[in-house]
Amino acid sequence: MPEPARAKPVPAPTPTTQPYWDGTAVGELRIQRCVTTGKVFSYPRRFFRPERPETAERTVA
Amino acid sequence: MKPADIVITGAAETEQLGVIPELTELDLRAEAAHRALADAGLTMADVDGITCAAESPIEMAHYLGVTPTWYDGTSVGGCSFLIHVRHAAAAISAGLCQTVLVLHGESGRSRVGKAGSFMARSPSSSQMQFQNLYGLSGPPNMFTLPVMRFLAETGTTEEQLASVVAAQSAWSADNPRAFRKGEVTVEDVLSSPVIAYPFHKLECCVVTDGGGALVVTSRKRAEAAGTPKPPIYLLGAGEACDAPLVHDLEDGTSSKAFKISSRLAFEQADLGPGDIDHLMIYDAFAHLPLYALQDLGFVGRGEAGAFVAEGNTRPGGPLPLNTNGGGVRYTHTGMYGMFAMQESIRQLRGEAFNQVDGLEVGLVQGVGGMFTAASTLIFSNRLP
C-alpha cells in the first residue's frame, strides 16, 4: 500500500540563518566567508572558529 | 583497553524477527536483554551498565528494574550499537562498570511504542533547512547522491551493484529467520522496481521489527566466574564521523569515517585485512559493502564490484561476507548494527545458520546515517 504523499518541508529560519533566507527572497545567494582563510562555507554558522568567533563575516556571492 | 581485555559472553536476538506488532520497542529490548543474559549465564542483578540508542538508557534501565552506575545513549544511527561496545569496553577498562548490556529493539515495521528517530528534525534544524527541502526525504534518495558519483568514478556497473544482493541471498536463501526468503539473481534484482535510481527495490533493505542484546564484560571477570560458552574476544574497535548533511561529505566515492574507524580497529588489534576470516558490512543498501571492501583495504579502489560479482563473498568463496543475508535479505529494523554483530558472534561461536568452518577472526563494519557515522569492531574466538 503506497504511503500518502508527505507535505513539502518548509524551512524555519533561525536568527543565524535569517540573512541567508532573506537573500533568497530577493534572488541572492548569500554565503559566508572565513576572513582568516578566505574559504566560503555553507550552511550559515555564527561561530566558525572557536579562537576567533568574529571571523565569520557575511558576504554576497 | 588492550586486545582481548574485553569479551562478549552473551549474545541473542529476539525470538521473533520480522513482523512483531504485539511488542513495543521497550519490550523488544527487554526480551533481547533477558535472552542475552541467559546466554551468558547471568541475571539482571549482575548488570551495572546499560546502553541503547533512540530511547534513553535510563528509561530502559527502569523498565528492567536495574540501577546502572554507567550508561550510554549515543544515538548516531545504525552503527550506534558498535560504538556502545567500544564505549563499554573503555568504561569497563577504566573501572566504571563491570557488566554492560548493549541493547537494541526497534519496531521499524509495526511502529509500536516507537521512540524518536535520530533523523526526525524540526523545521529549523540544519537538515531541514539545507537538505530535505530539496526533495531528500529518506535514506533511499539521500544515499543516491554519493552512489551516483561512486558508480561513475570507479567504473562499477549496475550489474555489479546488484550482485551484492544476489551473493547475500545465496547465504540466507534457506534461513527461516530471513525476511526475504529464497535466492535471487542479478537479473531478478535489476527487474525489481526502481525506488530511487540507481537503487532497485531489492537493493534496499527490508523494514522489520526485532531486537538484540550483547553482554560485555572483562576477560578477567569472565574467566573468574566461568561462562556457559567460550567468550568472544574484542581485539580492536574504532569509531569516526563525517558530515551530517550528505552533500557536505568530503568525498562521495569513499567513506572517510570507514577509513578512520577501520584504521583504529586494525591498529588496536595489530591486524590487517588479510587476517580477517569473516566480514559483516552494514548494508542498508547494496552499495555499502562495495565502499567498505575498498575503504577497509580488502580490495583496491574500483575493484569491489568485480570482486563480489566474481563470487568471492558467496558461500564457498574466500571472504564470506554478510552471511546472515544482511540488511537487504535477513532483517533491518531501521538501525541494523546489532544484527551484524550478532551474526559475527554466531559465526565465531560456530552457531550460525549457514556456518562457515574454521573461522577465527571476524570484522564488523557499521555505518550511521548517510556515511555520517561509522564504527568498526574486530572479534575473535581465540586469544591473540
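All values reported here derive from a predicted model rather than from experimental measurement.

(A) Here's a closer look at the state of the cysteines. Under the criterion given, the structure shown has zero disulfides over all chains. Free of any disulfide, B:Cys205 has its nearest cysteine sulfur in B:Cys204, 7.1 Å distant.

(B) Looking closely at the nonpolar core. Residue and element names in this part refer to chain B. With 98 residues, the main nonpolar core has Leu214, Val216, Phe258, Leu293, Met341, Ile378 and Phe379 as its most contacted residues. Ignoring any residue separated from it by four or fewer positions in sequence, one finds Met341 in contact with Phe81, Leu82, Val85, Leu214, Val364 and Leu377. The next biggest cluster of nonpolar side chains, apart from the first, holds 20 residues, and it includes Ala30, Ala32, Ala40 and Ala61.

(C) Up close: the environment of B:Ile83. Residues and elements named next belong to chain B. Relative to the assigned elements, Ile83 resides in helix H3 (residues 80–93). On the accessibility criterion, Ile83 (4% relative accessible area) is buried. The spatial distance from the C-alpha of Ile83 to the C-alpha of Thr51 is 10.0 Å, given a sequence separation of 32 residues. Setting aside chain neighbours within four positions, we find Ile83 in contact with Thr74, Val76, Glu239, Ala374 and Ser375.

(D) Main features of a nonpolar patch on the surface. Residues B:Met148, B:Val194 and B:Tyr197 make up a contiguous nonpolar surface patch of roughly 290 Å² in combined accessible area. Here B:Tyr197 lies in the loop between strand E5 (194–196) and strand E6 (199–200).

(E) Examining the packing of helix H9 (residues 256–269) of chain B against helix H10 (residues 288–295) of chain B more closely. All names here are of chain B. Orientation of H9 relative to H10, taken along the N-to-C sense of each, is 50 degrees, at an axis distance of 9 Å. Taken together, the axes of H9 and H10 are oblique relative to one another. Both H9 and H10 take part in a crossing whose hand is right-handed. Each of Phe258, Lys259 and Ser262 in H9 lies in contact with H10, whose residues at this interface are Leu288, Tyr291, Ala292 and Asp295.

(F) Quick peek at the packing of aromatic side chains. Taken as a whole, this structure holds twelve aromatic pairs over all chains when the rule is applied. Taking the centre distance of 5.1 Å and the plane angle of 70 degrees together, the rings of A:Tyr20 and B:Phe130 count as edge-to-face. With A:Tyr20 in helix H1 (residues 18–25) and B:Phe130 in helix H4 (residues 126–130), the pair connects residues from two separate chains. By the burial criterion, A:Tyr20 is buried, and B:Phe130 matches it. Grouped by ring-pair contacts, the aromatic residues B:Phe143, B:Phe150, B:Phe199, B:Phe258, B:Phe285, B:Tyr291 and B:Phe371 constitute a single cluster. The cationic tip of A:Arg45 hangs over the ring face of A:Tyr43; the distance from NZ or CZ to the ring centre is 4.2 Å.

(G) Seen up close, the interface of chain B and chain A. Contacts between the two partners involve twelve residues from chain B, matched on the other side by 14 residues from chain A. Roughly 1000 Å² is buried in total at the junction of chain B and chain A, and carbon and sulfur atoms are behind 63% of that figure. Its largest share of buried area at the contact with chain A, chain B owes to B:Gln129, B:Phe130 and B:Leu133, together 49% of the area lost on that side. Inspection of the region where chain B meets chain A yields zero salt bridges. If you look at where chain B meets chain A, you find three residue pairs in polar contact (both at pLDDT 80 or more). Looking at the side of chain B that touches chain A, its residues break down into six nonpolar, five polar and one charged.

About the cut-offs
Residues numbered from 1 in each chain as written. Chains lettered and ligands numbered in written order. Predicted model: local features only at pLDDT ≥ 70, side-chain atom pairs only at ≥ 80, totals over all residues. Heavy atoms only, no water. Disulfide = S-S within 2.5 Å. Core = buried A, V, L, I, M, F, W, Y, C linked by side-chain atoms within 4.5 Å. Buried < 20%, exposed > 50% of the residue type's maximum accessible area, 1.4 Å probe, protein only. Contact = heavy atoms within 4.5 Å. Helix = DSSP H or I, 4+ residues; strand = E, 2+ residues; numbered from the N terminus. Patch = residues over 30% accessible without salt bridge, like charges linked within 9 Å, V, L, I, M, F, W, Y side chains within 5 Å. Areas by Shrake-Rupley, 256 points an atom, 1.4 Å probe, with all protein chains shown as cover. Salt bridge = Lys/Arg side-chain N within 4 Å of Asp/Glu carboxyl O. Axes fitted to C-alpha atoms, helices over the stretch in contact; angles between N-to-C directions. Parallel < 35°, antiparallel > 145°, perpendicular 65-115°, else oblique. Left-handed = near helix turned anticlockwise from the far one by under 90°. Phe/Tyr/Trp six-rings, centres within 6.5 Å; stacked < 30°, edge-to-face > 60°. Lys NZ or Arg CZ within 6 Å of the ring centre and 35° of its normal. Buried area = accessible area lost by both parts, 1.4 Å probe. Polar contact = N/O pair within 3.5 Å; in protein donor to acceptor, adjacent residues only side chain to side chain. Nonpolar A, V, L, I, M, F, W, Y, C, P; charged D, E, K, R; others polar.

Limitation: the analysis is restricted to geometry and does not speak to function.
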